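Single-letter residue listing:
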Amino acid sequence: MCGTFLFIFFVVSAPERLLTLLDTRTVPGELKWAASPSEGGWEEVSIMDEKNIPIRTYQVCNVLEPNQNNWLRTDWIPRSGAQRVYVEVKFTLRDCNSLPGVTGTCKETFNLYYHESNEDKDSYIKESSFIKVDTVAADESFTQVDVGDRIMKLNTEVRDVKVTNRKGFYLAFQDVGACIALVSVRVFYKTCPLTVRNLATFPDTVTGADTSSLVEVRGSCVNQSEEKEEPKMYCGADGEWLVPIGGCLCNPGYEEKGAACKACSVGFYKAKSTDTGCSKCPPHSHSLREGATVCDCHSGFFRADSDPFSMACTQPPSAPQQLISVVNETSVVLEWAPPRRLGGRSDTSYSLECLICQTGSQLCLPCGSDVLFAPGQTGLKTTRVVVSELRAHTHYTFIIHARNGVSQASGAGAAQSVSVTVTTNQAAPSPVSAIQASDVTRHSLLLSWQQPDRPNGVILEYEVKFYEKDQRERSYRIMRTFSRSVDVTGLNPLTVYVFHVRARTAAGYGEFSAPFEFSTNSDPFPLIGEGVNSAFLLLSISGVGILHLHNIFLILLCVPPSPPSLSLLFLLSSVAGVKIYVDPFTYEDPDQAIHEFAKEIDVSSIHIERVIGMGEFGEVCSGRLRVQGKREIYVAIKSLKAGYSDKQRRDFLSEASIMGQFDHPNIIRLEGVVTRCKPLMIITEYMENGSLDAFLRKHDGQFTVIQLVGMLRGIASGMKYLSDMSYVHRDLAARNILVNSNLVCKVSDFGLSRVLEDDPEAAYTTRIPIRWTAPEAISYRKFTTASDVWSYGIVMWEVVSYGERPYWDMNNQDVIKAIEEGYRLPAPMDCPVVLHQLMLDCWERERAERPTFSQILNMLDKLIRNPGTLRRTGGDRPTPTMLDPGVCVPEWSVCVWLQSIGLERYRDTLAAAGYTSLENLLALTHQEMDRLGIITPSHQDILIASVQQEMLSQMQHMQHTMVPV
Ligand code: AMP
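Residues numbered from 1 in each chain as written. Predicted model: local features only at pLDDT ≥ 70, side-chain atom pairs only at ≥ 80, totals over all residues. Heavy atoms only, no water.

The name that an unreviewed UniProt entry assigns to the chain is receptor protein-tyrosine kinase, with the source organism given as Anabas testudineus.

Okay, structure coming up:
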């Protein structure tokens, strides 16, 4: 069933082919078949067929005589490879009823027999050797054929016979008493005709022996094709092809057209036999002959090994562009733009060649293997590389090569590169690598060492750090020397000491050497605490504690001899693990400080454009700065006016020495200084919108609260950075904040700190910015980060009031008095309550109570994240009036209570938030207070503890006064 079902679906429509073995109609002359009996039985009769062509027939009609057995046998028929033959007999038969008086003897059938035989040898009919095929009866006993004077019907019957055993066969017709005429006999077999299926040729195939047999046939691939899967089909018994399997594919360069493979035309190609057809040559390629398997690239275009043939031919990239180098001590940042022409590819990569070039000569050698490249030196996909571990003060040439997949094929080399030559700056010396001890006694030894491998400049000094091994680094001593050896005395006998040495150049200290251990000799009477050499500095660092900077200064003051050692400052700052600002006035030579912290700029790279302001020492101009290998930038240029004194020069340059130590997005950046020619200049980044106070006045009321808070956040962030570096600004005011085109605020003006320190009378001169300065700084010069926080509160007020003058037109003495009596600036118009609260916190009389810049920054970040908290304002306040701390009517219980615990400053904040009774206040949490802007931790604790205490005592009081019923 299944097979049949399959065949139904897989029959391949191709008409069967019939091959004739015998056709009596086409035999010329008489047939002369053998008949038995030779007389009175079958008789050969010639008649005319319907087209009037003579044909031979055999007839018999012995219907009146009983027991008829008339045999007629064909000639031997060679089977010619056929396995099943078809016998088509056309005959007429007389209806017995139509013959009067023949009842009983007349028949209406005849029998068909066959006999297989290898040769044509039988001249007589051996009936027993014949096998019966069938008894054949007429469908239409009365034929329409005109036989003699009668019209009779012609019957056509086909029978099939398996003939597989011999080379040929005979057929025989047995008549048993019918009136019959064999009009024609045709013998044929069937073949499945030659066909091409799936580009495979299947030959003409003789069908199988059985009616259900399938002959499996293997096809052969047509010309210019190859086998994909073995091509097979089955030849069915009916001469139909069935179930095609597998097939062939046209070879590369050929495509299927009308069951054959035809060569691809010129301009087309086919690379693989599995490709569906010929394709047009991709861009920048061609094929000049038919049958191309690949298209050749046009001249100047190439194909990489890994490129598919369908891809356009491409070119190597042009050179990288706009190579910029930025030298930072002994590292260089190289940045470039991708090539203008990528050659039609997306696999551009870069490699970097590093050469050391001798000054004044063309000789360049490859850099050593110790140079580091991040992220790498070759195969770079990015356009930025940081090259580090370079030698100090050395000329390097960097060549950036651009390559892509066809660079090699094209043989392209130096054409696709760009180069830059740079000179590295100073760098700290490399570590000392070997230390020896000699002349070892019970209390001393002579320590000596080699110069570091890479001194990177002139070594100014060596520093020796040592400690008893048992003590680890909890307690250590420091010695300094200009030579490469030092006599270490005052040691304990029979004790192992650990030594580290490091070198210092103008670029600072290098790393300490690895530890070297040496032991002193034995002493029968060890002396505990024996005299410590005055050159030693004993530092004790307890546990994890880090020395506070003030303590460090105390130690410094205690350490003889003077002058104050800058190196010690460095040492201590590195011990504490934080970067600390170095006061340039600790340098005897101001030029040394300026060159330590600021870059000297060649005056020819500055183009002054216009005057933008007037500074303390001269004009401030704007202009452009173009340093070699860097992009041109806009800068502000401050110059020192002619005829300056030494002190003015020093003060002028000190600002740059201070600024040069800072690196923060909210601190004005120093680009460099010009000190080698006149006028002296300080070059800083250009801030398009100038100073904050003037900027706000110009744009009165034009910003959203969030924008204002954003500005304040920037200033707080810059101030946090300064306070982390232990720098006290002393002149924080909106006029000293600069604003750029993106509204980014940066702290500037680092001149005042020194001026005030120098001048003991400063507090009483007009130079002190009274309105911005904390009371303790005004009265006893206690300038600290906490006094900067006070000034920050004033800046907040300036910002929110769009540049209003703090305390309006009150004179300085009145301001000092008002502050002393507890008055504070009120909230500016539309000022969010939380912001005014933060200002009041900054203006705490006790400086320890003021928030830190870190807390302020957190607070502002919270406000920016939750802008809803900024919506609540105190309403329009009449200005100018001062916030009166004393007015608290008795009915306002919360206010009275707050006054009793010294926190009446929060009365408005709490009232505005709905805390109108003490019961309400019981719900107050730390988070809620954070949200309201009550951020001082001690205030939060006092509020929570006091309200609970108050409620408890009120309840106790009620219990005592209740009268039992
Ligand atoms: P100063 O001496 O720093 O107070 O500068 C005087 C004035 O010059 C300032 O008030 C600003 O208007 C202007 N100014 C100073 N530095 C810059 C700068 N980096 N960018 C733009 N303007 C500046």
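Now, onward.
## A short note on the overall build of the chain
Our working rule: Here a helix means four or more residues in a row that DSSP labels H or I, a strand means two or more in a row labelled E, and each is numbered from the N terminus. Relative accessibility thresholds used throughout: buried, under 20% of the residue-type maximum; exposed, over 50%; partly exposed, between the two (1.4 Å probe, protein chains only). Note on definitions: a residue-residue contact is assigned when non-hydrogen atoms from the two residues lie within 4.5 Å. Shrake-Rupley sampling with a 1.4 Å probe provides the accessible areas, and residues are treated as covered by the protein chains on show and by no other component.
Counting secondary structure elements, the chain contains 19 helices and 52 strands. Per-residue burial for the chain yields a buried fraction of 47% across its 965 residues. Considering only residue pairs separated by 6 or more positions, the chain has 64% of its internal contacts joining residues 24 or more positions apart. For the chain, the exposed surface amounts to about 48,000 Å²; the carbon and sulfur share of it is 52%.

## Considerations on the site of the ligand
The criterion, for reference: Only a single heavy atom is needed: when it lies within 4 Å of a molecule or strand, its residue is near that molecule or strand. Two N or O atoms form a polar contact when they lie within 3.5 Å of each other; inside protein one atom must be a possible hydrogen donor and the other a possible acceptor, and for residues adjacent in sequence the pair counts only when both atoms belong to side chains.
For the ligand, the set of nearby residues contains 15 residues, the closest of which are Ala-636, Lys-638, Glu-685, Met-687 and Asp-749. Contacts to the ligand include Lys-638, whose side-chain N or O atom sits 2.6 Å from an oxygen atom. Within the side chain of Thr-684, an N or O atom sits 3.3 Å from a nitrogen atom of the ligand. Here the ligand, which alone exposes 470 Å², has 83% of that area covered by the protein. Those elements that provide at least two residues to the shell around the ligand are strand S46 (606-614), strand S48 (633-639) and strand S50 (681-685).

## Considering the confidence of the model for the chain
Rules: On a range of 0 to 100, pLDDT expresses the predictor's confidence in each residue.
Overall, the prediction assigns the chain a mean pLDDT of 83, with 86% of residues at 70 or greater. Taken as a whole, residues 1-11 scores under 50 in pLDDT and shows 10 contacts with residues more than four places along the chain or in a different chain. A low-confidence stretch, residues 523-577 (pLDDT under 50), is modelled with 65 contacts involving residues beyond four sequence positions or located in other chains.

## Some points on the packing of aromatic side chains
Cut-off, in case you're wondering: For Phe, Tyr and Trp, where Trp contributes only its six-membered ring, two rings pair if their centres lie within 6.5 Å, and the inter-plane angle classes them as stacked under 30 degrees, edge-to-face over 60, or tilted in between.
Counted by the stated rule, this structure contains 26 aromatic pairs. Between Tyr-396 and Phe-398 the ring centres are 6.0 Å apart and the planes differ by 10°, which places this aromatic pair in the stacked class. We note that Tyr-396, like Phe-398, is buried. On the basis of an interplanar angle of 35° and a centroid distance of 6.3 Å, the ring pair of Tyr-581 and Phe-662 is categorised as tilted. With a gap of 81 residues between them, Tyr-581 in the loop between helix H4 (566-576) and helix H5 (590-597) and Phe-662 in the loop between helix H6 (646-659) and strand S49 (670-674) connect regions that are remote in the sequence. When sorted by exposure, Tyr-581 lands in the same class as Phe-662, which is buried.

## Overview of the pattern of salt bridges
Formally: Salt bridge, as applied in this entry: a Lys or Arg side-chain nitrogen positioned within 4 Å of an Asp or Glu carboxyl oxygen.
In this structure the tally under the stated criterion is 37 salt bridges. We note a salt bridge from Asp-861 to Arg-713, for which the minimum N-O separation is 2.5 Å. Of this pair, Asp-861 sits in helix H14 (residues 853-865) while Arg-713 is found in helix H8 (residues 705-724), placing the two residues 148 residues apart along the sequence. On the basis of relative accessibility, which here comes to 26%, the residue Arg-713 falls in the partly exposed class.

## A closer look at the state of the cysteines
Threshold: Any pair of cysteine sulfurs within 2.5 Å is marked as a disulfide.
Tallied over the full model, the rule gives nine disulfides. In this model, Cys-96 is linked to Cys-106 through a disulfide, with the two sulfur atoms separated by 1.9 Å. The sign of the -85° torsion about the S-S bond sets the Cys-96-Cys-106 disulfide as left-handed. Within this pair, whereas Cys-96 is found in the loop between strand S8 (84-93) and strand S9 (109-117), its partner Cys-106 is found in the loop between S8 and S9, the two being separated by 10 residues in sequence. Comparing Cys-96 with Cys-106, the two get one shared label, buried. Here Cys-297 engages in a disulfide with Cys-313; their sulfurs sit 2.0 Å apart. Between Cys-297 and Cys-313, the S-S dihedral sits near -75°, and the bridge is therefore left-handed. Of this pair, Cys-297 sits in strand S28 (residues 296-297) while Cys-313 is found in the loop between S28 and strand S29 (321-328), placing the two residues 16 residues apart along the sequence.

## Side note on the nonpolar core
Test applied: Residues enter a nonpolar core if they are buried and are Ala, Val, Leu, Ile, Met, Phe, Trp, Tyr or Cys, with the set joined through side-chain atoms within 4.5 Å.
Residues Phe-662, Leu-692, Ile-715, Phe-750, Tyr-792 and Leu-860 are the most contacted members of the largest nonpolar core, which totals 75 residues. Among residues more than four places away in sequence, those in contact with Phe-750 are Glu-655, Ile-658, Met-659, Phe-662, Ile-667, Ile-668, Leu-722, Tyr-727 and His-729.

## A look at helix H13 (residues 833-842)
In terms of residue burial, H13 counts as a mostly covered element, since 10 of its 10 residues are buried. Residues of H13 that are buried: Val-833, Val-834, Leu-835, His-836, Gln-837, Leu-838, Met-839, Leu-840, Asp-841 and Cys-842. In this structure, the buried residues of H13 make contact with H8, helix H11 (785-800), H14, helix H16 (907-912) and helix H18 (926-932).

## Section: the sheet that holds S48
Put simply, the rule is: One requirement defines pairing of two strands: DSSP has to find at least two bridges between them. Fitting a line to C-alpha atoms yields each axis, with helices limited to the stretch in contact; the angle taken between N-to-C directions then spans 0 to 180 degrees.
Judged by pairing direction, the sheet is antiparallel, and its five strands sit side by side in the order S46-S47-S48-S50-S49 without closing on themselves. Looking at the sheet topology across the chains shown, the edges are occupied by S46 and S49. On average, adjacent strands in this sheet sit at an angle of 25° to one another, irrespective of strand direction. Summarising the sheet, S46 and strand S47 (residues 619-625) pair through seven bridges and their orientation is antiparallel. Opposite Gly-613, over in S47, you have Val-620 as the bridge partner. The strands touched by H6 are S48, S49 and S50; relative to S50, the strand with the most contacts, the crossing angle is about 35°.

## Some points on the environment of Val-326
The topology assignment puts Val-326 in strand S29. Each C-alpha atom, one on Val-326 and one on Gly-629, is 6.8 Å from the other, the two residues being 303 residues apart in sequence. Each residue touching Val-326, except ones within four places of it in the same chain, is listed here: Ser-331, Val-332, Val-333 and Lys-630.

## Considering the side chain of Asn-666
Among the secondary structure elements, Asn-666 is positioned in the loop between H6 and S49. Among the residues examined, Asn-666 registers a relative accessible area of 9% and is labelled buried. Of note is the side chain of Asn-666, whose polar atom sits 3.5 Å from the backbone oxygen of Gly-714. For Asn-666, the side chain forms a polar contact with the main-chain oxygen of Cys-745, separated by 3.0 Å. Among residues more than four places away in sequence, those in contact with Asn-666 are Gly-714, Ser-717, Gly-718, Val-744, Cys-745, Lys-746 and Val-747.

## Comments concerning the sheet that holds strand S31 (residues 349-357)
Spatial ordering of the open sheet is given by S32-S31-S35-S36, a layout of four strands whose pairing is antiparallel. In this open sheet, the two strands that pair with only one neighbour each are strand S32 (364-366) and strand S36 (417-423). Averaged over all pairs of adjacent strands, the angle between their axes in this sheet comes to 30°, without regard to strand direction. Sheet analysis places strand S35 (residues 395-403) next to S36, joined by seven bridges and oriented antiparallel. Within S36, the residue paired with Tyr-396 across the bridge is Val-422.

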